[in-house]
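Take a look at the letters that make up each chain.
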Amino acid sequence: MNTHFNRAVSSAPAKVILFGEHFVVYNNPAIVTAINKRIRVQAQVSDKSNINIRSGENSLSVPINSNDKYIMSLDNSSIALFPIFKCAKHVFKEKNISNLGVNLEIDSQIPHGEGLGSSAASCVSTVAALYSLFSDLDKNLIYETARIMEQNIHSNSSGVDCYVSTFGGIVNFEPDKGFRSIRPKKKFTLLVGTSGIKHSTGKVVSQVRQFREKNSTVFKDLSSKAEVICKRAISSMNEGDESELGNLLTENHKLLSLLGVSHPEIEKLIEISLDNGALGAKLTGAGKGGAVIALIPQDSSKEILAKIGSGPGKWMLVEFDYDGVILG
Ligand code: MEV
């Protein structure tokens, strides 16, 4: 099969999990939103059957038929690009192309390894850029493929990160009902604070699996509390009740702490945000470092950001993203 174009560019948004991370891996609900920080991927077809990837300081240049073991035996910076290599190899194999290669340039606004979905967004954006060399954008195909590719990062992936990065918006995932959009009655204002402590989602997910195996009754109890919080959060979004939504964030965080996925630096960020006027705060994503989200009253967002911005962590005001993956 020939390509339609020699070059394609796509970008996909980061995400924050508002409610339900970890429990969602075990068929609990979760609420996730895309945010306005993106990863952009430029794909350029080359006539050498190599995959060349450049992302900031990291780069990888290998024959397209290289096996996974070989990539994993390279240095750490090459291993970081493994999921992107897998996406490129997968799409070229599926399209039956062995005589061409691709140069991929990755440009990211999403801090890596901090719970903001950089791995999912890089899979979504890479798959979108590569498929669009051959045909029009098909978001369902992009989601399905990126989700399988993300499982190279952690095999228990719930798929919520890839879904929201592909389709955008705020979504409620329920195992028996799938994904449904939430349109809150009023605009909520979120701050994201990153601790600078990187984690591996795969490792934290397997630590939680061990916790669940050893403490099945406690895990069940935490799961059912998390489920109730998700339900109440949907009602408070629909009713525009930001004070209740804030309380629910903090309640959800307490469950995650009991699950053992918080970190002293995360606790500091949460305390600082609550002491300075946030309505509620929690860690977001896998935890053990990474990022927190804080819900703040819209009319005092600048003052709160100024106050907490001088303390630990890096803080940013984020907007919800309703576009998901786009070309160009
Ligand atoms: C990671 O962003 C969210 C987790 O719930 C894992 C997953 O849903 O795949 C920790």
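Let us now look at the overall build of the chain. When you go through the chain residue by residue, the secondary structure sums to 11 helices and 12 strands. Whereas a compact globule of 328 residues would reach a radius of gyration of roughly 20 Å, the chain reaches 20 Å, a difference of no more than 12%. For the C-alpha atoms alone, the extent of the chain along its principal axes is close to 60 × 45 × 40 Å. The proportion of buried residues among the 328 residues of the chain is 55%. A separation threshold of at least 6 residues defines the contact pool for the chain, and within that pool the share at least 24 residues apart is 73%.

With that settled, consider the side chain of Thr-284. Along the chain, the position of Thr-284 falls in strand β9 (residues 280–284). For Thr-284, the side chain forms a polar contact with the main-chain oxygen of Ile-17, separated by 2.8 Å.

Time to look at the pattern of salt bridges. One pass over the structure, following the stated rule, counts 15 salt bridges. Measuring nitrogen to oxygen at the nearest pair gives 3.9 Å for the salt bridge that ties Lys-198 to Glu-114. Here Glu-114 lies in the loop between β5 (101–108) and α4 (118–131) and Lys-198 lies in the loop between β8 (189–194) and α7 (201–214), a separation of 84 residues in the sequence. Lys-198 sits in the exposed class, given a relative accessible area of 52%. Glu-265 is the salt-bridge partner of Lys-268, the closest N and O atoms lying 3.0 Å from each other. With Lys-268 and Glu-265 both in helix α10 (residues 264–275) and three residues apart, the pair spans about one turn of that helix. When its relative accessible area of 40% is taken as the criterion, Lys-268 is described as partly exposed.

Here we come to the domain arrangement of the chain. Here the chain is described as being made up of domain 1 (7–183) and domain 2 (189–317). Taking only C-alpha atoms, the centre of domain 1 and the centre of domain 2 are 25 Å apart. Taken together, the contact between domain 1 and domain 2 spans 27 residues of the former and 43 residues of the latter. Carbon and sulfur atoms make up 69% of the surface buried where domain 1 meets domain 2, a total of about 2,900 Å² over both sides. Of all residues in domain 1, Phe-19, His-22 and Phe-23 give up the largest surface area on contact with domain 2, accounting jointly for 25% of the area buried on that side. On the surface where domain 1 and domain 2 come into contact, there are two salt bridges.

Right, let's get into the site of the ligand. Taken together, 13 residues are adjacent to the ligand, and Lys-15, His-22, His-154, Ser-158 and Asp-161 come closest. Between the ligand and Lys-15 there is a distance of 3.0 Å, counted from an oxygen atom to a side-chain nitrogen or oxygen. Measuring from an oxygen atom of the ligand, one finds a backbone N or O atom of His-22 at 2.9 Å. Secondary structure elements with two or more residues in the shell around the ligand: β1 (7–19) and α6 (160–167). Of the residues assigned to the shell around the ligand, the class counts are five nonpolar, five polar and three charged.

Cut-offs used in this document
Residues numbered from 1 in each chain as written. Predicted model: local features only at pLDDT ≥ 70, side-chain atom pairs only at ≥ 80, totals over all residues. Heavy atoms only, no water. Helix = DSSP H or I, 4+ residues; strand = E, 2+ residues; numbered from the N terminus. Rg over C-alpha atoms; globule rule 2.2 N^0.38 Å. Buried < 20%, exposed > 50% of the residue type's maximum accessible area, 1.4 Å probe, protein only. Contact = heavy atoms within 4.5 Å. Polar contact = N/O pair within 3.5 Å; in protein donor to acceptor, adjacent residues only side chain to side chain. Salt bridge = Lys/Arg side-chain N within 4 Å of Asp/Glu carboxyl O. Domains from an automatic or database assignment. Buried area = accessible area lost by both parts, 1.4 Å probe. Near = heavy atom within 4 Å. Nonpolar A, V, L, I, M, F, W, Y, C, P; charged D, E, K, R; others polar.

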